[in-house]
Amino acid sequence: MRGARRWMPAALVLVLLTGCSGATAGQASPGVQTTTAAAPATPWDPCTIPDEAIERAGLNVATKESGVFGRDQNGFKICGWESQPSDSKYYFSIFVGLEGIDYIDDPSKFDRLQSVRVGTRDATQYQQVGADASLNCGAAFTAGTELIMTTLNTSALVDLVPYDPCTELSELTASLDSELPD
């Protein structure tokens, strides 16, 4: 049951992220030559971040979980960790997909978009539609052809949240900046 409570917010993000695209990417018009480099076939796996970096960020390496219920979702590689046991309980996740930043521009899925700086990166802070901003936060930025989304979801078991979720998320993401793709 613990795993279900832990990944329900992440699963909700994926449900909200699921969408269709009408454009056919990568197809050239007849007679037109293109010189673009091939995009990676699969996104970078955030579970490859070294345990030492995760510990330095203040996360519990023993709680690392790949995917949602152990599986990648909708083309996104996902990895998540819990905060250290003595801290208020939250879950930090990284989602990586072969999408552009406009992926989070859908007002039926995401709102309260705001430009922010996270570590060395320009990012867009967001909330899932209907999410409680006092408990959860998300930030998204691109690295090459990949969309990287970081989320912080406070456990439903926490009564008083002693941190601002967006500030905490920004600090966690910035502390892992050197481990993320450019």
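In this report, we go over the structure that sits alongside the text. (Residues numbered from 1 in each chain as written. Predicted model: local features only at pLDDT ≥ 70, side-chain atom pairs only at ≥ 80, totals over all residues. Heavy atoms only, no water.)

## Quick look at the state of the cysteines
Within this structure, the stated rule accounts for two disulfides. Two residues, Cys47 and Cys79, share a disulfide whose sulfurs are 2.0 Å apart. Looking along the S-S bond of the Cys47-Cys79 disulfide, the torsion reads about 100°, which is the right-handed sense. Highlighted residues: Cys47 in the loop between helix 1 (2-17) and helix 2 (51-56) and Cys79 in strand 2 (residues 77-83), separated in sequence by 32 residues. Look at Cys47 and you get buried, because its relative accessible area is 11%. For Cys79, a relative accessible area of 0% puts it in the buried group. Between Cys137 and Cys166 runs a disulfide, and the two sulfur atoms are separated by 2.0 Å. In this structure the cystine formed by Cys137 and Cys166 twists about its S-S bond by roughly 100°; its chirality is therefore right-handed. Taken together, the positions of Cys137 in strand 6 (residues 136-143) and Cys166 in helix 3 (residues 165-175) put the pair 29 residues apart, joining distant regions of the chain. You'll find Cys137 and Cys166 in the same group, each marked buried. (Disulfide = S-S within 2.5 Å. Helix = DSSP H or I, 4+ residues; strand = E, 2+ residues; numbered from the N terminus. Buried < 20%, exposed > 50% of the residue type's maximum accessible area, 1.4 Å probe, protein only.)

## Re the nonpolar core
By size, the foremost hydrophobic cluster in this structure holds 27 residues, and its most contacted members are Ile49, Leu59, Trp81, Phe92, Ile94, Leu172 and Leu176. Residue assignment for this core shows that the elements contributing at least two residues are helix 2, strand 2, strand 3 (90-97), strand 4 (110-118), strand 6, strand 7 (146-154) and helix 3. Among all residues touching Leu176, those that are not within four sequence positions of it are Ile49, Ala53, Ile54, Ala57, Phe92 and Ile94. Among the nonpolar cores identified, the runner-up in size contains 11 residues, and Ile78, Phe95, Phe110 and Met149 belong to it. (Core = buried A, V, L, I, M, F, W, Y, C linked by side-chain atoms within 4.5 Å. Contact = heavy atoms within 4.5 Å.)

## Remarks on the environment of Leu113
As for its placement among the helices and strands, Leu113 is situated in strand 4. Taking the C-alpha atoms as reference points, Leu113 and Gly138, 25 residues apart in sequence, are found 9.5 Å from one another. Every residue in contact with Leu113, bar those within four places of it in the chain, is listed here: Ile104, Asp105, Thr124, Gln125 and Tyr126.

## Let's talk about the pattern of salt bridges
All told, the structure shown has six salt bridges when counted by the stated rule. The closest approach of N and O atoms between Lys77 and Asp72, which form a salt bridge, is 3.1 Å. For Asp72, a relative accessible area of 39% puts it in the partly exposed group. In this structure, Glu82 engages Lys89 in a salt bridge whose closest nitrogen and oxygen atoms are separated by 3.0 Å. Among the residues examined, Lys89 registers a relative accessible area of 32% and is labelled partly exposed. (Salt bridge = Lys/Arg side-chain N within 4 Å of Asp/Glu carboxyl O.)

## Describing the packing of aromatic side chains
As enumerated under the stated definition, the model contains four aromatic pairs in all. Note on Phe76 and Tyr103: the rings are 5.7 Å apart at their centroids and 45° apart in plane angle, and the pair reads as tilted. Residue Phe76 is located in the loop between strand 1 (59-66) and strand 2, and its partner Tyr103 is located in the loop between strand 3 and strand 4; the two are separated by 27 residues in the primary sequence. The same class applies to Phe76 as to Tyr103, namely buried. (Phe/Tyr/Trp six-rings, centres within 6.5 Å; stacked < 30°, edge-to-face > 60°.)

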